[in-house]
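Close look at the chain arrangement
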Amino acid sequence: MPAQTSKPPAPSAPPPAPQPRGAAGGGLVLGLLAACNAMVMLDESMVNIALPAMSRDLGLTPVGLSWVVTAYLLPFGGLLLLGGRAGDLLGRRKVFLAGVTLFTLSAVLRAVAPAGEFLVAVRAVQGLGAALAVPSALALVLSRFPEGAARKRAIAVYTAVGAASTACGLLFSGALSSLTSWRGLLLLNVPLGLVVLVCVPLVVPETRRTRGRFDLAGALLSTGAAAALVYGLARVAEHPWDDPLVAATIAAGLALLALFLFVERRAEQPVVVLRLFADRNRACAYGATFAVQGALIGTGFFLVQFFQQTAGFTPLASAAALTPIALTMIAMSGVAVRLERRIGPRRLMLAGAALLAVANLWLAQLTPGSGYGDTVLPALLVFGSGMACCVIPATILGTSGLRSSEAGAASSVHNALQTVGASLGLAVLVTVATHAQRAADPGAAGFVAGMSASFTAGACCAAAAFAVALFIRPSGAAGNTAGRRGTTG
């Protein structure tokens, strides 16, 4: 979007004084902030492992089961922009702690959910907590580490901790599922949330507030647009495209999106800082981040059900079967940072997107009799490598060349595109899978047919991310081009 479409920012308070960046203090701060990312990723792992048991106990249909995930992702993605802005205006540590409190409390309430409707509602509240905590956590990391090698290493560690928590979450969830119900399983990350709430006020300093106001109209319009589009696409799984409600909600979503862009271009202090998109490299990083989510979301949602319902795995075995993705991403995180410096983010993102497309097409060939070691495992190793090579350089590129006052805005945009992309991606994949399953034989063969179709759609999402990454200038990071004049101070 052209840079001149955004009005100059309102005057802000002077930037905070530089904080000491000692290795020990920085490492401790990074560890605590990464623990928030670990808590969120751990939660996703637990919910994925618990999905089959939830479906049985609460009588959820496949589409209803998808809403257990989507109800969390929608407010998470839709309100991330407002959450990042809140951190800038109210203090990032304060907003971070408020989000972690809400997230942890919701984790307790969902464990006593009497029905699917209550579970979905609590998951939505939990998404609000994540929307407050996650952008503030990443913004605090960006403000703690100066741009350059130190920040790239911090982002790699931050990402690797999330991947490690995914692996641990899968194993712990699988092990505990044989000892407790899914309700007890969903309490697993509550202690981590309590540790973060106790320790962060003692270690992480508060940031100085900036003067400004909340763009409530922009936040509500963006959330409403995402919710309407996801609901309409999810409804297509059970109703035809000419269903009046399908057409109405999708049309409403597109109209709200257009109105959101109109409002943001004229807002004095928009929830989306349009200057961030003036740099072509950063805009491409954001676009690839959004597009690739459809290639990532299917593994956790569909493979857990495939392992338990089709392959006959126990919850522990199915959890262990998925850990190679996280372990490979951990192993590749440091490699990705070094490769990003040597060959640039463009080539690395292209390679990552290509690997994700290959992995999705590989998983699309699964049959009820497919072996794990010779068929599934190689695909998961390729998948984990593709994640590291695509996600890490996109994060670096999307958060480079910024004023310190724009760290919250950039991190919230990046995270919002991740979660909204995951919401829309899951809705599309479930719709594709449901229609393919209806056209196939009932039972396990039908489920596998639907899953295969969803992975093919995931490969298309990876191809879209590849196409966007082609437009990244090979010369360097965001802010190194002419767009830097509009985005850096």
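What you see is a predicted model, and the numbers here were worked out from it, not measured in a lab. (Residues numbered from 1 in each chain as written. Predicted model: local features only at pLDDT ≥ 70, side-chain atom pairs only at ≥ 80, totals over all residues. Heavy atoms only, no water.)

**Remarks on the nonpolar core**
Selection criterion: Within this scheme, the nonpolar core is defined by two criteria: the residues are buried Ala, Val, Leu, Ile, Met, Phe, Trp, Tyr or Cys, and they are joined through side-chain atoms within 4.5 Å. Per-residue accessibility, obtained with a 1.4 Å probe over protein chains only, is compared with the maximum for each type, and a residue is labelled buried under 20%, exposed over 50%, and partly exposed between these values. Runs of E in the DSSP output that reach at least two residues are strands. Runs of H or I that reach at least four are helices, and both are numbered from the N terminus. Throughout, a residue-residue contact means that at least one pair of heavy atoms, one from each residue, lies within 4.5 Å.
Core analysis: the biggest nonpolar cluster contains 115 residues, and Met54, Phe96 and Leu303 have the highest contact counts within it. Considering every element that reaches this core, the biggest residue donor is helix α1 (residues 23-58), with 18 residues. Other than its neighbours up to four places away in sequence, Leu303 contacts Gly298, Leu322, Leu363, Leu366, Leu380, Met451 and Phe455. By size, the runner-up hydrophobic cluster in this structure holds 14 residues, among which are Leu229, Val230, Val420 and Ala427.

**Considerations on the environment of Leu339**
Within the secondary structure layout, Leu339 lies in helix α11 (residues 315-363). Residue class for Leu339 comes out partly exposed when judged on its relative accessible area of 28%. Taking the C-alpha atoms as reference points, Leu339 and Cys389, separated by 50 residues in sequence, lie 8.7 Å from one another. Once residues lying within four places of it in the same chain are set aside, the contact partners of Leu339 are Gly344 and Leu348.

**A word on empty space enclosed by the protein**
Heads up, the condition is: Throughout, the protein atoms alone are placed on a 1 Å grid, and a set of points is a cavity if a 1.4 Å probe fits but cannot get out or a pocket if it is open with protein on both sides within 12 Å along at least five of seven lines; lining residues have an atom within 4 Å of a point. Grid points are joined across faces, edges and corners, and a volume is the space filled by probe spheres set on the points. Nonpolar residues are Ala, Val, Leu, Ile, Met, Phe, Trp, Tyr, Cys and Pro. Charged residues are Asp, Glu, Lys and Arg, and all others, Gly as well, are polar.
Evaluation of the coordinates by the stated rule reveals three cavities of 30 Å³ or more. By volume, the second largest cavity amounts to about 50 Å³. Lining the second largest cavity we find Ala288, Thr289, Val292, Gln293, Cys390, Val391, Ala394, Thr395, His414 and Gln418. Of all the secondary structure elements, the ones that give two or more residues to the lining of the second largest cavity are α10 (280-310), α12 (372-398) and α13 (407-439). A class-by-class count of the residues in the lining of the second largest cavity yields five nonpolar, five polar and no charged.

**Let's talk about the packing of aromatic side chains**
What counts here: Only Phe, Tyr and Trp rings are paired, with Trp represented by its six-membered ring, and only when their centres lie within 6.5 Å; those with planes under 30 degrees apart are stacked, over 60 edge-to-face, the remainder tilted.
A complete count under the given rule lists six aromatic pairs for this structure. Here the aromatic rings of Phe307 and Phe313 are separated by 5.1 Å at their centres, their planes lie at 10 degrees, and the arrangement is stacked. An aromatic cluster of three or more residues is present, and its members are Phe306, Phe307, Phe313 and Tyr372.

**Overview of the confidence of the model for the protein chain**
Rule in force here: Confidence of the predictor in every single residue is expressed as pLDDT, which spans 0 to 100.
Averaged over all residues, the pLDDT of the protein chain equals 78, while 84% of them reach at least 70. No element of the protein chain has a lower mean pLDDT than helix α15 (residues 484-487), at 38, and none a higher one than helix α14 (residues 444-469), at 90. Every residue in residues 1-24 scores below 50 in pLDDT, and together they form 34 contacts with partners more than four places removed in sequence or on other chains. Across residues 480-489 the pLDDT falls below 50, and counting only partners more than four positions away or on other chains, this stretch makes 19 contacts in the model.

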